Amino acid sequence: MSSGHALEQSRRVSVLSWDQVRRLDSILGESVPIHGRGNFPTLSVKPRQIIQVVRARLEEKGVVVRDVKLNGSAASHVLHQDNGLGYKDLDLIFGLRLSDDKTFRLVKDVVLDCLVDFLPEGVSRERITALALKEAYVQKLVKVCNDTDRWSLISLSNNTGKNVELKFVDSLRRQFEFSVDSFQISLDSLLLFDRCSGTAMSETFHPSVQGESMYGDFEEALEHLRSRTIATRSPEEIRGGGLLKYCHLLVRSFRPSSESHMKQMQRYMCSRFFIDFPDLCEQQRKLEAYLQNHFVGIEHKRYEYLLTLRQVVDESTVCLMGHERRQTLALISALALRVMAEHNAIPALSNITCYYQPAPYVRDVNFSNYYVAQVQSMSVRSNSYQTWLPCS
């Protein structure tokens, strides 16, 4: 290894302080409910328990787990508690080799089998099949297998949006969107301490836990988190959902590192969003899912978020024809009107955005029933809102 590569690698990593280790230990020991659908009971799962059970079962089946890491907003929360984002999902990454479809299936079967261990006492386990467990407790099941990425995701359901997400990664080219969500914390030393030490942790006696920033510079990324700065590298590689995350950061009082970088970044992210979600119905599903999953407890922020998203799309979209761009802007406007009506929070007159009269074809029932369905279904039925759409 060259000295330059070694220096670059050393900048990516940092050893956690005692306060950070305590926060990490608290998160791993917190009971998280996994809510079952239908008549299935709620499971009470501690992250450290499910990590240990899944890892042991995989290794019993001959699958070697290289390491286990905490990722995403929970890792950011461990490193800087007052980051303005909090944390919802618990993103756990298992590093392993996914050599073929058989291994993908094996990983899924092992996770489902492990859920049986967390069923409450008195529940009959004999007739519960893997399919039933998947339908009852799995919110999302993803498999990606191509030249650059080989990974799978099993997201366990939580009605408050605090999902336990188990990600099994062989290779993943892009592991972050922005510097503030680029952190991964290795859990192996802490889990080994759990198994081997009979003494409780203290400031003078605790395992050395290492964090890494996939952004490339740990201290720089941590300073971005502290100062609420939006920065990234190679924005053209960020997938379509990065646009939604970017606008979420803006609403949470994060600001881009520079005006010029912001404009370039926004254009890249808008283009990628429309590449990944070209169809209007796909865009609607993605937006509605994002609103449902990322604004639990802060529903009042959804309207501001949609206005911010609309402004970014309006200013930075360069890859669409005019009518396609107008359709997407109208979709965002209708969603904003809907969330505003749901909370009976029509803003004061001084805060109302201006409106424009849509082209005649928008009111033509043969043009698109989306416009009619979205606006007419609102609980607020003021005549001034039924044929006028908001714009910046």
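What counts as what
Residues numbered from 1 in each chain as written. Predicted model: local features only at pLDDT ≥ 70, side-chain atom pairs only at ≥ 80, totals over all residues. Heavy atoms only, no water. Phe/Tyr/Trp six-rings, centres within 6.5 Å; stacked < 30°, edge-to-face > 60°. Helix = DSSP H or I, 4+ residues; strand = E, 2+ residues; numbered from the N terminus. Buried < 20%, exposed > 50% of the residue type's maximum accessible area, 1.4 Å probe, protein only. Arc of directions from axis to C-beta. Polar contact = N/O pair within 3.5 Å; in protein donor to acceptor, adjacent residues only side chain to side chain. Pairing = 2+ DSSP bridges. Axes fitted to C-alpha atoms, helices over the stretch in contact; angles between N-to-C directions. Contact = heavy atoms within 4.5 Å.

## Observations concerning the packing of aromatic side chains
Each aromatic ring pair is specified by the distance between its two centres and by the angle formed by the two planes.
Thinking step 1. Under the definition given, this model contains eleven aromatic pairs.
Thinking step 2. Arranged with centres 6.2 Å apart and planes meeting at 85°, the rings of Phe176 and Tyr215 form a pair that is edge-to-face. With Phe176 in the loop between strand E8 (164–171) and strand E9 (183–186) and Tyr215 in the loop between strand E10 (210–213) and helix H8 (218–227), the pair connects residues that are 39 residues apart, well separated along the chain. Each member of the pair, Phe176 together with Tyr215, is buried.

## Topic: H8
What sets the pattern is the α-helix's 3.6 residues per turn: residues three or four places apart point alike.
Thinking step 1. Inspection of H8 places Phe218, Ala221, Leu222, His224 and Leu225 among the buried residues, and these make up the whole buried set. Within H8, the buried residues cover an arc of 155° as seen down the axis, which keeps them to one side.
Thinking step 2. Among the residues of H8, the N-terminal cap falls to Asp217, whose side-chain oxygen and the backbone nitrogen of Glu219 are separated by 3.3 Å.
Thinking step 3. Of the residues flanking the end of H8, it is Arg228, one or two places downstream, whose phi is positive at about 55°.

## Looking at the sheet that holds strand E6 (residues 138–145)
Thinking step 1. Pairing within the open sheet is mixed, and its eight strands lie in the order E1-E10-E9-E4-E5-E8-E7-E6. Bordering the open sheet on either side are strand E1 (13–15) and E6, each of which pairs with just one other strand. Going across the sheet, the axis of each strand differs from the next one's by a mean of 20°, ignoring polarity.
Thinking step 2. In terms of strand pairing, E1 meets E10 through three bridges, oriented antiparallel. Note on E10: the bridge partner recorded for Ser14 is Gly211.

## Quick notes on the side chain of Arg174
Thinking step 1. Among the secondary structure elements, Arg174 is positioned in the loop between E8 and E9.
Thinking step 2. Among the polar contacts made by the side chain of Arg174, one reaches the main-chain carbonyl oxygen of Glu177 at a distance of 3.3 Å.
Thinking step 3. In this structure the side chain of Arg174 is engaged in a polar contact, spanning 2.7 Å, whose partner is the backbone oxygen of Arg233.
Thinking step 4. Apart from the residues within four sequence positions on either side, Arg174 is in contact with Thr232, Arg233, Ser234, Glu237 and Ile238.

## Examining the side chain of His35
Thinking step 1. Looking at the secondary structure, you find His35 in the loop between strand E2 (32–34) and strand E3 (43–45).
Thinking step 2. Polar contacts involving the side chain of His35 include one to the main-chain amide nitrogen of Asn159, which spans 2.8 Å.
Thinking step 3. Those residues in contact with His35 that sit more than four places away from it in its chain are Thr42, Ala136, Tyr137, Ser157, Asn158 and Asn159.

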